[in-house]
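Below are the chains, spelled out letter by letter.
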Amino acid sequence: MFSCVPDSLYSQILSVPENLEALKADITLHNDDDGLTEVVAQLAQCRFVFLNRFTTALLEFINQFQAGKQAIIEASQAAVATAKQNLQDMYAAASKVSLDISIAAPVIVIPASSVSRDAILMDFGNLTVKNKFETLDTKNVKGHPAVLDHCCIELVNMTLSRVRYADETLSIIEDIVLIKPINFSLLIIRNLCASWFKEVPDLNVSGSFKTINLSLSKEDYATLMRISTGNLAEGAPSQPRPGPPALPQAPPVDSLSTSPDSPKSVEDATTSASKPASSPTV
């Protein structure tokens, strides 16, 4: 995805590294009594540059198609509702789904402005989802054993840093780590035989989140402030400039006040000035 914002250093908004497939998925459905579904998926890392100018222009363009936008919203809501219902149906049927998913989480770049080489880089690391099934010795009246689904979700090497890019190639020439790599793990145990096996909860979720180390310098804080006054302000609608203050108007001639001793007109003033002064009487 490319940006048409003029004079911007970041013309490529959304990109995927070369020679890599953006998404690769392999789904296998076993048509047997076990009902096992195998899902193997890989998602390549994508790089997204957030420019408020581009986002605002894109939203203004989409707003011109109100009917189409409403249709997209309704279709998205319907898709979410369908996916939620399918998930509930799958959980009710206690289906076995074998997951082997590896996702290179996206990298988000937030420049100080569209013409600045300084930026904040958010790397969400790598996300892996894997599970395994555990068959217990406990059996029901039909002789079927209880089965537990252990699903492990791990997020590793999630970092936040301040970077500086080169002028032409936009390669990183300076990388200052603000938040050191963060690791997060989540374990979900699902009881596939919850209808009759009550010794284990239907769903058991446990996770761990390690300490977050944040290091912020004066230059890092200045970059964050430049983002708020630069990148985020570039997409704001321009306000009309105030005009020059109005000059005071002269009062009308009729409103001028005259004293009783002053001449009533220019002619009276001229006549009174031309008369000679009377000599004193002896």
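Residues numbered from 1 in each chain as written. Predicted model: local features only at pLDDT ≥ 70, side-chain atom pairs only at ≥ 80, totals over all residues. Heavy atoms only, no water.

For the protein chain, the name recorded in an unreviewed UniProt entry is Vacuolar protein sorting-associated protein 13C, with Diaphorina citri as its organism. Here is the UniProt Sequence similarities (unreviewed entry) comment for the protein chain, exactly as written: "Belongs to the VPS13 family." (UniProt positions renumbered as here; feature names shortened; annotations may be inferred.)

Before going further, it helps to examine the nonpolar core. Membership of the largest hydrophobic core is limited to eleven residues, which are Y10, I13, V49, L51, F54, V107, V109, A119, L121, V163 and Y165. At the level of secondary structure, the elements contributing two or more residues to this core comprise β6 (107-111), β7 (118-123) and β9 (145-165). The residues contacting Y165, other than those within four sequence positions of it, are Y10, R47, V109, R117, A119, L121, L170, S171, I172 and I173. Counting six residues, the second largest nonpolar core, distinct from the first, contains L136, A146, I189 and C193. (Core = buried A, V, L, I, M, F, W, Y, C linked by side-chain atoms within 4.5 Å. Buried < 20%, exposed > 50% of the residue type's maximum accessible area, 1.4 Å probe, protein only. Helix = DSSP H or I, 4+ residues; strand = E, 2+ residues; numbered from the N terminus. Contact = heavy atoms within 4.5 Å.)

What follows covers the environment of C46. Within the element layout of this structure, C46 appears in the loop between β3 (36-43) and β4 (47-49). Sequence-wise, C46 and P17 are 29 residues apart; in three dimensions their C-alpha atoms are separated by 7.2 Å. Filtering out sequence-adjacent residues up to four positions away, C46 remains in contact with L14, S15, V16, P106 and V107.

In this section: the packing of aromatic side chains. Scanning the model with the defined rule gives three aromatic pairs in all. Note on Y10 and Y165: the rings are 6.2 Å apart at their centroids and 80° apart in plane angle, and the pair reads as edge-to-face. You can see Y10 sitting in the segment before β1 (14-15) and its partner Y165 sitting in strand β9, a full 155 residues away along the chain. Y165 carries the same exposure label as Y10, and that label is buried. (Phe/Tyr/Trp six-rings, centres within 6.5 Å; stacked < 30°, edge-to-face > 60°.)

So, on to helix α3 (residues 218-234). With 17 residues, α3 extends 24 Å from end C-alpha to end C-alpha; this agrees with the ideal 24 Å at 1.5 Å per step. Residues D220, T223, I227, G230 and N231 constitute the buried set of α3. On its buried face, α3 sits against α1 (52-63), β6, β7, β9 and β10 (172-191). (Expected span 1.5 Å × (residues − 1).)

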